[in-house]
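Structural characterization, general
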Amino acid sequence: MTLERVGKLIRNDEKATQVINAELLSAIINSTQDAISVVDDQGIEILINPAYTRLTGLTAEDVIGKPPTVDIADGSSMHMQVLKTGKAVKGVSMKVGPKRREVVVNVAPIRVEGKLVGSVGVIHDLSEIRKLSEELEGAKRLIRHLEAKYTFKDIMGESQEIREAIEQAQNAAQIPATVLLRGESGTGKELFAHAIHHLSERQKGQFIRVNCAALSENLLESELFGYVDGAFTGARRGGKIGLFEEANGGTLFLDEIGSISLKLQVKLLRVLQEKELIRVGDNHPIPVNVRVIAATHVNLEEKIRRGKFREDLYYRLNVIPIVIPPLRQRRSDIPLLADHLLRRFNQDYGRNVEKIAEQSLHVLEQYSWPGNVRELENVLGRAIINMKRGETVIEPYHLPALDLINHQSGRALKNPEAGESYKIDSHAETIYEEGFEGLQRKWERELLIDVIQKTGGNKTKAAQVLKISLRNLYYKLERHGLND
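Parameters at a glance
- Residues numbered from 1 in each chain as written.
- Predicted model: local features only at pLDDT ≥ 70, side-chain atom pairs only at ≥ 80, totals over all residues.
- Heavy atoms only, no water.
- Helix = DSSP H or I, 4+ residues; strand = E, 2+ residues; numbered from the N terminus.
- Buried < 20%, exposed > 50% of the residue type's maximum accessible area, 1.4 Å probe, protein only.
- Contact = heavy atoms within 4.5 Å.
- Areas by Shrake-Rupley, 256 points an atom, 1.4 Å probe, with all protein chains shown as cover.
- Polar contact = N/O pair within 3.5 Å; in protein donor to acceptor, adjacent residues only side chain to side chain.
- Pairing = 2+ DSSP bridges.
- Axes fitted to C-alpha atoms, helices over the stretch in contact; angles between N-to-C directions.
- pLDDT = per-residue confidence, 0-100.
- 1 Å grid on protein atoms, 1.4 Å probe; cavity = no way out; pocket = protein on both sides within 12 Å on 5 of 7 lines; lining within 4 Å.
- Points joined across faces, edges and corners; volume = space filled by probe spheres on them.
- Nonpolar A, V, L, I, M, F, W, Y, C, P; charged D, E, K, R; others polar.
- Parallel < 35°, antiparallel > 145°, perpendicular 65-115°, else oblique.
- Left-handed = near helix turned anticlockwise from the far one by under 90°.

The next point concerns the overall build of the chain. Tallying secondary structure elements over the chain gives 19 helices and 17 strands in all. Taking all 484 residues of the chain together, 44% fall into the buried category. Here the analysis covers contacts within the chain between residues at least 6 apart in sequence; of these, 62% occur between residues at least 24 apart. When the accessible area of the chain is evaluated, it comes to approximately 26,000 Å², of which 50% is carbon and sulfur surface.

Attention now moves to the side chain of E184. Locating E184 in the fold gives a position in the loop between β7 (179–182) and α8 (189–199). There is a polar contact of 2.3 Å between the side chain of E184 and the side chain of R328. Contact partners of E184, with chain neighbours within four places excluded, come to K189, H297, P326, R328, P370 and N372.

Across the sheet, which stays open at both edges, the five strands sit in the order β8-β9-β12-β7-β13 with parallel pairing between neighbours. Strands at the two margins of the open sheet, each flanked by one partner only, are β8 (207–211) and β13 (320–323). Adjacent strand axes in the sheet meet at a mean angle of 20° when their direction is disregarded. Packing of α8 onto the sheet brings it into contact with β7, β8, β9 (251–255), β12 (291–296) and β13, and relative to β7 it is tilted by some 150°.

Here the focus is the sheet that holds strand β1 (residues 35–40). Sheet strands pair by backbone hydrogen bonding; their relative direction is either parallel or antiparallel. One open sheet accounts for six strands, arranged β2-β1-β6-β5-β4-β3; its pairing is antiparallel. Bordering the open sheet on either side are β2 (45–48) and β3 (72–74), each of which pairs with just one other strand. Averaged over all pairs of adjacent strands, the angle between their axes in this sheet comes to 40°, without regard to strand direction. Examined bridge by bridge, strand β4 (residues 89–96) and strand β5 (residues 101–112) share six bridges and lie antiparallel to one another. Looking at the pairing, K95 lines up with E102 of β5. Its contacts with the sheet put helix α5 (residues 78–85) on β1, β2, β4, β5 and β6 (115–125), and the angle it makes with β6 is roughly 150°.

Our next topic: the confidence of the model for the chain. For the chain, per-residue confidence averages 83 on the pLDDT scale, and 82% of positions sit at 70 or higher. In this model residues 14–20 is a low-confidence stretch, pLDDT under 50, and it forms two contacts with partners more than four residues away in sequence or in other chains. Predicted confidence for residues 404–434 stays below pLDDT 50, and this span has 58 contacts to residues more than four positions away or in other chains.

Applying the stated criterion across every chain, the model contains four cavities of 30 Å³ or more. Estimated volume of the largest cavity: approximately 120 Å³. In terms of lining residues, the largest cavity is bounded by 15 residues, among which D71, H79, M94, V105 and I123 are the most central. Taken together, the elements giving at least two residues each to the lining of the largest cavity come down to α5, β4, β5 and β6. The class makeup of the residues in the lining of the largest cavity is eight nonpolar, five polar and two charged.

Two quantities define a packed helix pair, namely the angle between the helix axes and the distance between the axes. Closest axis-to-axis distance for the helix α14 (residues 334–349)/helix α16 (residues 372–386) pair is 10 Å, and the angle between their directions is 50°. Here α14 lies oblique to α16, going by the angle between them. In this structure, the crossing between α14 and α16 has a hand that is right-handed. Side by side, α14 and α16 meet where L337, A338, L341, L342, R344, F345 and Y349 of the first sit next to V373, L376, E377, L380, G381, I384 and I385 of the second. Looking at the contact of α14 with α16, its residues break down into 11 nonpolar, one polar and two charged.

Now for unusual backbone geometry. Among all residues save glycine, negative phi is the norm, and among peptide bonds the norm is trans. Although it is not a glycine, R100 sits at a positive phi angle of roughly 50°. Following the sequence through the fold, R100 ends up in the loop between β4 and β5. On the basis of relative accessible area, R100 is assigned to the partly exposed category, the value being 42%. Backbone geometry places E113, a non-glycine residue, at a positive phi of 55°. Within the secondary structure layout, E113 lies in the loop between β5 and β6.

This is the structure in structure tokens:
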């Protein structure tokens, strides 16, 4: 063969002085890790590279000067198709060489001044692609597993409120039942989910978190349940397993469960009831063994009343309900939390802040914390950033402006050096103390007491008056301690 023949394919005979250096071309082709095969306009093999020999097991003596079918063990020649149509082909699967290696072939035409003079094929080892794909999926699974890094030791707090929640969660970890974590945003629901998984018998299995509010309905459906080949436009060839299957034997944490559509609620209910799922585009059930931990900050009972959440799914999720208290209901934990965050920020920011002044702690303990622990983290981080180099104590004037605190005095905190002043709002704090959900719970309890009294203790009549199921009434009575 020869390199001279290759040179003839890519040079202009009328411009002999512009001949490409054949040795340079050979060096480029031979150095690539992709297997390359080149044929002339008649389909005769004229060039292969070392990567081609490694992949197919065929040498230049086996191939050069022979038709393009010489290396094909299963399939048809894409070189001939390209020479016939003049159009490139991509992603064609076939088997090549005496070992029948599975490959994917891309072939493109070679044109000189508009004339088709041959074609070049690039061959990829399919087994290698699969291996890399499996390694990537394995890395993803490892990353997801490593995300379940928190244990109950990472949940800071000594107040009765948080200790009760921790005790409930520790008990729940020993039971393979669905858990529903309830609490405002920023209270640490995900932290509890991690800890429950780590203490459970499934700790060696996968822990996978899904934010149900972050994905569209169709995307969430395909992510959770998977899909089969050709299920929809753009679906991956061969289909894809869903997160329920991937979490098989482990834990699936469904955050923001209150945001999923009614359509997906039906599919989720099937998984919880039947322990099986059906992929998108399929009709064959697949058994799964997954422990579900769900979390929400919304009032699911209200969503049920408005027809936005299925009551039967609610009962399947609410097997072990755990309410995580907001920070304003466990203010005694603020010094402990602040000290923990302070040590972490020192490490993250390269600072050496020693402590928080007593007056600063008093300010923090008076605040209502609508953003809970997440907001406390934000406030302390900003306070450290506001400190000058060399300052080692967080004083009140380092704190960012906080509304609705110290309502009794209405005084301002001042930085004596900078002359700054932070006004402290004097609005009544009772609403912020209890929050909307607290007030709603109080209203619900009073309403239940009133209806039970008016119906003479008849639970069936009370349920009819309230327009809820008898089962739901018993749940509400139990939640408010009124079931005696």
